[in-house]
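Letter by letter, the chains look like this.
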There are 2 protein chains.
Amino acid sequence: MARKTKEDAERTYHALLDAAAELFIRQGVSRTTLSDIAHEAGLTRGAVYWHFRNKDSVIEALWARNARRLQEAFEQLETHARAADPVPAFRQAIHALIRRVVEEPELGQITRIVMHVVEFTDEQNALQRFLNDRRDILHDHMRAAFEILGQRGVLRNDLSPSLLAEGLLAYIYGLVHSDFSPGEPVIDLARNGRALIDLYLDSIFSGPGACVC
Amino acid sequence: MARKTKEDAERTYHALLDAAAELFIRQGVSRTTLSDIAHEAGLTRGAVYWHFRNKDSVIEALWARNARRLQEAFEQLETHARAADPVPAFRQAIHALIRRVVEEPELGQITRIVMHVVEFTDEQNALQRFLNDRRDILHDHMRAAFEILGQRGVLRNDLSPSLLAEGLLAYIYGLVHSDFSPGEPVIDLARNGRALIDLYLDSIFSGPGACVC
DNA sequence: TGATACATACATACATGAATGTATGTAAAG
DNA sequence: CTTTACATACATTCATGTATGTATGTATCA
């Protein structure tokens, strides 16, 4: 075919990423071939190899494009922990973070892919290292926010802030994983996410009015 | 080679499963070939195809062999929920369940495989249906236990027992997933699991002495 | 302003390796 | 003597990477 204008090329780049995301979720990463991706986008493998080096590079590009707003949400956690009234501010930030993952399709796509269809093994390849590094960055932001909360004295002090942070991250991971698992959802995070998260948050905040029980 | 006695054959069956589990964790399911499994066990693909139909059937057999004690642990939850003093009994049962997953190598293996190296997609194949069915059975036991706890009035009643059950399952899933994720562990479940789980349990039990805050 | 040269954005064709499933061989157990 | 428990050999499929073809956009220069 003929060469396209720069804007056309960028459109095919995004079309390929969209096709890849849909196929990864539908039939898995390992079962999705680069030819599948090209055909889903109405193109051929030539287009894929022009824009990406291989399948892993497609996933990395998907993260870079789709997970921006997730990174922003995690970065803002520290700001909210420094707010005048940190407990409700941080609580709000966590609720907003989960709402974003559940409601924004781009975020949902990359989250489902990373959670369900990428294999994490002991012998880590380049893609796994890439994704682990990104996850570590998010975790660092959460831990930093909890350190601030701890210094401001709003956390229970029988457990370390970093442990409380990792506990919350694990809980969020499990909830989102459950919400995104294929088949009929057992947890409707859009409806019950706030209450379930508050179960945890209520139990880690100390001080007046922190616990509802 | 020569034919073996029945006990020998059963030993190779388990040797193949052990080899498969180790390789799946080390390099992932999709990157592990049946030839890899055979060679890791000092055999050839002929042995694998004699004992199993294909790779999926190996994973199913791994679940059947390794996850027995996990199923037993979930089945006993309802018994503990019916105990004379249900709150500490159930709490103990959950702690024991997590300890089993973390400490028993067989359980840890199949858990890591199902969590990290099996792709769960929208278009479910036979293996995914098999694993989803087993997971549903475990979840049903947890929900049944929570229904009992709810009827006995020890749960907070602003949230349904089944929602509290799914929340706990998600939390456990996230904690175990974090503990088993490759690389340096961020949460040492063997050490901190009890305290982290109590964060959740304390917030769902109502009545005298249920909450520590 | 129009012709030319080069780079871009793919499509097509090819070579290769690798994993799978099956078919067959075989030696010992029962 | 038959079946078991594998090993070996074979055929096929299939995804990947690369090499090449090609038509057009775009910059350059006269």
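Just so it is clear, the structure is predicted and the values come from calculations on it, not from any experiment. (Residues numbered from 1 in each chain as written. Chains lettered and ligands numbered in written order. Predicted model: local features only at pLDDT ≥ 70, side-chain atom pairs only at ≥ 80, totals over all residues. Heavy atoms only, no water.)

**Structural notes on the overall build of chain A**
Assigned secondary structure in chain A consists of 10 helices and zero strands. What you see in chain A, going N to C, is helices and strands ordered as α-α-α-α-α-α-α-α-α-α. Taking the principal axes of the C-alpha coordinates as reference, chain A spans close to 70 × 35 × 35 Å. Of the contacts formed within chain A by residues at least 6 apart in sequence, a portion of 67% connects residues at least 24 apart. Looking at charge distribution, chain A has the averaged site of its 25 positive side-chain charges lying 4 Å from that of its 30 negative ones. (Helix = DSSP H or I, 4+ residues; strand = E, 2+ residues; numbered from the N terminus. Contact = heavy atoms within 4.5 Å. Lys, Arg positive; Asp, Glu negative; His and termini not counted. Charge placed at Lys NZ, Arg CZ, Asp CG, Glu CD.)

**Thoughts on the interface of chain B and chain A**
Contact residues are listed per partner, giving 47 residues for chain B and 47 residues for chain A. Taking both sides of the interface into account, the surface hidden between chain B and chain A amounts to around 3900 Å²; carbon and sulfur atoms contribute 62%. Per-residue buried area on chain B facing chain A is highest for Glu119(B), Pro182(B) and Leu199(B); these three make up 16% of the total on that side. In this assembly, chain B and chain A are joined by two salt bridges. Between Arg112(A) and Asp122(B) there is a salt bridge whose closest N-O contact spans 2.9 Å. (Buried area = accessible area lost by both parts, 1.4 Å probe. Salt bridge = Lys/Arg side-chain N within 4 Å of Asp/Glu carboxyl O.)

**Things to note about the domain arrangement of chain A**
Residues and elements named next belong to chain A. Domains assigned within chain A are domain 1 (6-61) and domain 2 (67-204). Across the contact, nine residues belong to domain 1 and 10 residues belong to domain 2. When domain 1 packs against domain 2, close to 890 Å² is buried across both sides, 73% of that on carbon and sulfur atoms. Interface area lost by domain 1 to domain 2 is led by Ile-25, Ile-59 and Glu-60, which between them contribute 57%. In this structure, the connection of domain 1 to domain 2 is made through zero salt bridges. (Domains from an automatic or database assignment.)

**Points about the packing of aromatic side chains**
All names here are of chain A. Enumeration over the complete set of coordinates arrives at nine aromatic pairs over all chains. Judged by centre distance (5.3 Å) and plane angle (25°), the rings of Tyr-13 and Phe-52 are stacked. A residue pair is termed long-range when its members are at least 10 positions apart, and Tyr-13 in helix α1 (residues 6-27) and Phe-52 in the loop between α3 (45-51) and α4 (55-66) qualify at 39 residues. Overall, Tyr-13 belongs to the partly exposed group, its relative accessible area being 24%. (Phe/Tyr/Trp six-rings, centres within 6.5 Å; stacked < 30°, edge-to-face > 60°. Buried < 20%, exposed > 50% of the residue type's maximum accessible area, 1.4 Å probe, protein only.)

**Here we look at the side chain of Thr121(A)**
Summarising the element assignment, Thr121(A) is placed in the loop between α7 (105-117) and α8 (126-151). Side-chain polar atoms of Thr121(A) contact the backbone oxygen of Glu123(A), separated by 3.0 Å. In contact with Thr121(A), not counting residues within four places along its chain, are Gln128(A), Phe24(B), Ile25(B), Arg26(B), Gln27(B), Gly28(B), Val117(B) and Pro182(B). (Polar contact = N/O pair within 3.5 Å; in protein donor to acceptor, adjacent residues only side chain to side chain.)

**A closer look at α7(A)**
Along an α-helix, residues three or four positions apart point the same way, because every turn accommodates 3.6 residues. Between the first and last C-alpha of α7(A) there are 17 Å, a value that for 13 residues agrees with the 18 Å anticipated at 1.5 Å per step. Taken together, the buried residues of α7(A) touch α1, α4, α5 (68-81), α6 (86-103), α8 and α9 (161-180) of chain A. (Expected span 1.5 Å × (residues − 1).)

**So, the confidence of the model for chain A**
Here chain A averages 93 in pLDDT, and 95% of its residues register 70 or above. Note that residues 207-213 of chain A has pLDDT below 50 and, in this model, 10 contacts with residues that lie over four places away or in other chains. (pLDDT = per-residue confidence, 0-100.)

**Details of helix α10 (residues 189-204) of chain A**
Taking 1.5 Å per residue, 16 residues should reach 22 Å; α10(A) reaches 21 Å between its end C-alpha atoms and fits that length. Here α10(A) has its buried residues at Leu189(A), Gly193(A), Leu196(A), Ile197(A), Asp198(A), Leu199(A), Tyr200(A), Leu201(A), Asp202(A), Ser203(A) and Ile204(A). Buried positions along α10(A) lie against α6, α8 and α9 of chain A together with α9 (161-180) and α10 (189-204) of chain B.

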